[in-house]
Amino acid sequence: MAGAALLGRLTWLVAEVVDAVQETPRVRTLVLEADGWAGHRAGQHLDVRLTAEGGYQAERSYSIASAPGEPLGITIELLDDGEVSPYLVEEVRDGDRFELRGPIGGYFVWDGSGDAPVLLIAGGSGVAPLMSMIRHRAAIGSRTPTRLLYSSRSWDDVIYRAELEQPAGGLEVVHTLTRSQPSGWTGYARRIDAELLGEVAWPASEGPRVFICGSTRFVDAAADGLVAMGYPPLSIRTERFGATG
Amino acid sequence: MKTEAMKVDGNAIGGLLIEIFGTDVTGSIGVCGSCGAEDYVATLEVYMRAPGVVGRCKTCGAVMIRIVRSETRTWLDLSGTRTIEIVES
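Residues numbered from 1 in each chain as written. Chains lettered and ligands numbered in written order. Predicted model: local features only at pLDDT ≥ 70, side-chain atom pairs only at ≥ 80, totals over all residues.

Colleague: Talk me through the overall build of chain A; I want residue IDs and the actual numbers.
Modeller: What chain A contains, in helices and strands, is six helices and 11 strands. A compact globule built from 245 residues should have a C-alpha radius of gyration of about 18 Å, and chain A, at 18 Å, falls within 12% of that. Along the three orthogonal principal directions, the C-alpha set of chain A runs to about 55 × 40 × 30 Å. The buried share of chain A, reckoned over its 245 residues, is 44%. In chain A, 71% of the contacts between residues at least 6 apart in sequence involve partners at least 24 apart. (Helix = DSSP H or I, 4+ residues; strand = E, 2+ residues; numbered from the N terminus. Rg over C-alpha atoms; globule rule 2.2 N^0.38 Å. Buried ≥ 20, exposed ≤ 12 C-beta atoms within 10 Å, placed from the backbone. Contact = placed C-beta atoms within 7 Å.)

Rendered as structure tokens:
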């Protein structure tokens, strides 16, 4: 849109895929280079636009998983009836190009400021923007007490698993595996509920900052549970994704 | 695609809202014209069915924002929103 370009708001840029990492059987991270990309804040997302030969266009939003200052990475989950995710997860190769614009969002953002503990709650691929915060935290040497409560269907569905097994100081990672668990699993094995939150989350009196990302149902369950624990609703920042793949 | 499948939240239309308002408003507080609830624009329940976008209050479900776009025009209906407090970040 010419007006947007004139005002310097958001401009579509050409991005080139420079690397791809298969995170799990259904999830891939694409590392992108885009001339004119101005950098991002941890937790922000970008819009991707694909254009078919006939001119048909499809736009989707994806969270940025890389830390500010690192090569730009987005993590995409394959949705079987999606229009865009099958292409990005299964087809795209190094050197392929598509359009993106961003960064977008000033709400679901953590810059590393403040002393309040940080509670991150992720359902499935909702871990992506939280991973940007975790990576940013490590990059700036933050000692802010931080907990990631991460719900996955199975151990094989855990995205960034190896990296999360080597957490930086002051970061605790708590997994719950809702559908199947490896033999000998001693961790949580159910959906997030009030009792689980009571064990993992700080008391509301410590004033934690909260970021929750996942499906609508997941976000509602986690946020409602924290409000019941006395967390002020406006201290809880949420990002929901629908199956718009 | 099923209607329910196209339900997202206000974060997902952050780019579209930047085009309209010229700045990010996902972290701005909006007040629902129906129930008076105050919440972040990011928490709107958003239904996307091109070319239209509808955002509903998370508390009462009333429509707070409608956006329809064509190549050359953007039609914005905020009649269901009492106020939005935009703070430059």
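Colleague: An account of helix 3 (residues 127-139) of chain A is needed here, citing residue identities and associated values.
Modeller: In an α-helix, one full turn covers 3.6 residues, which means residues spaced three or four apart are oriented alike. Between the first and last C-alpha of helix 3 of chain A there are 18 Å, a value that for 13 residues agrees with the 18 Å anticipated at 1.5 Å per step. Of all 13 residues making up helix 3 of chain A, 11 are buried, and the element is well covered by its neighbours. (Expected span 1.5 Å × (residues − 1).)

Colleague: With reference to specific residues and values, describe the domain arrangement of chain A.
Modeller: Residue and element names in this part refer to chain A. Once the domains are mapped, chain A shows domain 1 (2-104) and domain 2 (118-241). Every contact between the two is made by 16 residues of domain 1 and, on the other side, 15 residues of domain 2. Breaking the side of domain 1 that touches domain 2 down by element, the ones donating at least two residues are strand 1 (13-24) and strand 5 (72-77). Split by residue class, the side of domain 1 that touches domain 2 holds six nonpolar, seven polar and three charged. (Domains from an automatic or database assignment. Nonpolar A, V, L, I, M, F, W, Y, C, P; charged D, E, K, R; others polar.)

Colleague: Could you give an account of the pairing of strand 4 (residues 57-63) of chain A, naming the residues involved and the relevant values?
Modeller: All names here are of chain A. Across seven bridges, strand 3 (residues 45-51) lies against strand 4 in antiparallel orientation. Residue pairing for strand 4: L50 is matched across the bridge by A58. Hairpin geometry of strand 3 and strand 4 is characterised by an intervening segment of five residues between the two adjacent antiparallel strands and by a positive phi of about 100° at G55. (Pairing = 2+ DSSP bridges.)

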